[in-house]
Protein chains: 2
Amino acid sequence: MDRDSLRAIFKKRGLKITPQRLAVFDAVIKSDNHPCAEDIFNIVSKIHSNISMSTVYQILHLLEELNMITPIEVDGTQRFEIKSNFHIHAICPICGDIEDLYSKKIKKFWELTTSEFDIKPIKQDIRLFRYCNNCK
Amino acid sequence: MDRDSLRAIFKKRGLKITPQRLAVFDAVIKSDNHPCAEDIFNIVSKIHSNISMSTVYQILHLLEELNMITPIEVDGTQRFEIKSNFHIHAICPICGDIEDLYSKKIKKFWELTTSEFDIKPIKQDIRLFRYCNNCK
DNA sequence: GTAGGTGCAAATTATTTGCATATGT
DNA sequence: ACATATGCAAATAATTTGCACCTAC
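Criteria and cut-off values
- Residues numbered from 1 in each chain as written.
- Chains lettered and ligands numbered in written order.
- Predicted model: local features only at pLDDT ≥ 70, side-chain atom pairs only at ≥ 80, totals over all residues.
- Heavy atoms only, no water.
- Helix = DSSP H or I, 4+ residues; strand = E, 2+ residues; numbered from the N terminus.
- Contact = heavy atoms within 4.5 Å.
- Areas by Shrake-Rupley, 256 points an atom, 1.4 Å probe, with all protein chains shown as cover.
- Lys, Arg positive; Asp, Glu negative; His and termini not counted.
- Charge placed at Lys NZ, Arg CZ, Asp CG, Glu CD.
- Near = heavy atom within 4 Å.
- Polar contact = N/O pair within 3.5 Å; in protein donor to acceptor, adjacent residues only side chain to side chain.
- Buried < 20%, exposed > 50% of the residue type's maximum accessible area, 1.4 Å probe, protein only.
- Nonpolar A, V, L, I, M, F, W, Y, C, P; charged D, E, K, R; others polar.

Quick look at the overall build of chain A
Within chain A one finds five helices and five strands. For chain A, the succession of helices and strands along the chain, N to C, is α-α-α-α-β-β-β-β-α-β. Each of the three principal axes of chain A carries a C-alpha extent, and together these read 45 × 40 × 20 Å. Long-range pairs, those at least 24 residues apart, make up 49% of the contacts in chain A between residues at least 6 apart in sequence. Element-wise, carbon and sulfur atoms account for 48% of the exposed surface of chain A, whose accessible area totals about 7900 Å². Positive and negative side-chain charges of chain A, numbering 20 and 18 respectively, have mean locations separated by a distance of 6 Å.

Here is the structure:
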């Protein structure tokens, strides 16, 4: 996922490629800590000093609809990550830090399990709460 | 989980057993569709016509702290269920309906996952999105 | 030029808080 | 009697919406 894929996807759908959209997208790509709307607003504001929260939200919704980002809900606040392969979220109940856990084996097992249940999930959201290294 | 266990737990902690607390607890036990705070308020209001949302929220937090209920976040709203054995939530992205899936296989999946990452989770929240029978 | 996007301000929704009054023990 | 719980109303936080203006195409 990079600017070029955004350009391609947007062009195909007749959506305008605006500097705000590029900047929000960049902010999500470059953040490794699952930023919330406000975090993204703060990052993007450094360049587009007059971007509004409303625009940030609209763009985030759009990117989600286009399957380019994924929301993660923690403590009543939506956070975002670039769409990627199957993984699990390990969340710290103290500070809210999210760590992505990847494993091919677990992915296989999830697919096997859901298919045996005759379910093809549209998506899944698997979270595991444990104290992070800073908080334990 | 029934009124008697509530009485026992509350007595042990020196907490008052009020009609509101019993009623909120009953409402969660008797609902099979993961009610939100407002649903519970509506149910309890039929008997305690002047109960307030604030009291409902306070009681829900208390029951959660006492490990008697579990919150499930869907579309920015907290919903609740009585604490029970390991299961996952199958959620409909259209109507928000939640189905509890109990399965030895899924439990195995989770045991494999946590052992692979060598984590003993405080808790987990596994949701799988699929269209429910009404919406598909 | 025009459809669609942005920014502002106001509205909405879910939840929390402060505090005076009421109630369980 | 006394500590604790409740109910009201006001506050907060995250997000959404309406609408006039702006900009990518």
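Considerations on the protein's contact with DNA strand D
Inspection of the region around DNA strand D gives 21 residues, with Y57(A), H61(A), T18(B), Q20(B) and T55(B) positioned closest. The contact in question runs from a phosphate oxygen of DNA strand D to an N or O atom on the side chain of H61(A), over 2.4 Å. Between DNA strand D and T55(B), the relevant distance is 3.0 Å, taken from a phosphate oxygen to a side-chain nitrogen or oxygen of the residue. Of all the elements in the fold, those that place two or more residues in the surface near DNA strand D are α4 (53-65) and β2 (77-82) of chain A together with α2 (19-30) and α4 (53-65) of chain B. A per-element tally of the surface near DNA strand D places α4(B) first, with four residues.

Observations regarding unusual backbone geometry
Positive phi, normally seen in glycine, also occurs at D75(A), with a value near 55°. On the secondary structure map, D75(A) appears in the loop between β1 (69-74) and β2. On the accessibility criterion, D75(A) (69% relative accessible area) is exposed. One non-glycine residue, H34(B), adopts positive backbone phi at about 50°.

Digging into the protein's contact with DNA strand C
Not every one of the 21 residues close to DNA strand C is listed here, only the nearest: K16(A), T18(A), R21(A), Y57(B) and H61(B). A breakdown of the atoms of DNA strand C within 4 Å of the protein gives sugar and phosphate a share of 72%. Residue Y57(B) places a side-chain N or O atom 2.5 Å away from a phosphate oxygen belonging to DNA strand C. Between DNA strand C and the protein, one listed contact pairs a phosphate oxygen with a backbone N or O atom of Q78(B) at 3.0 Å. Sort the elements by how many residues they give to the surface near DNA strand C and α4(A) lands first, with four residues. Partitioned by chemical class, the residues of the surface near DNA strand C number six nonpolar, twelve polar and three charged.

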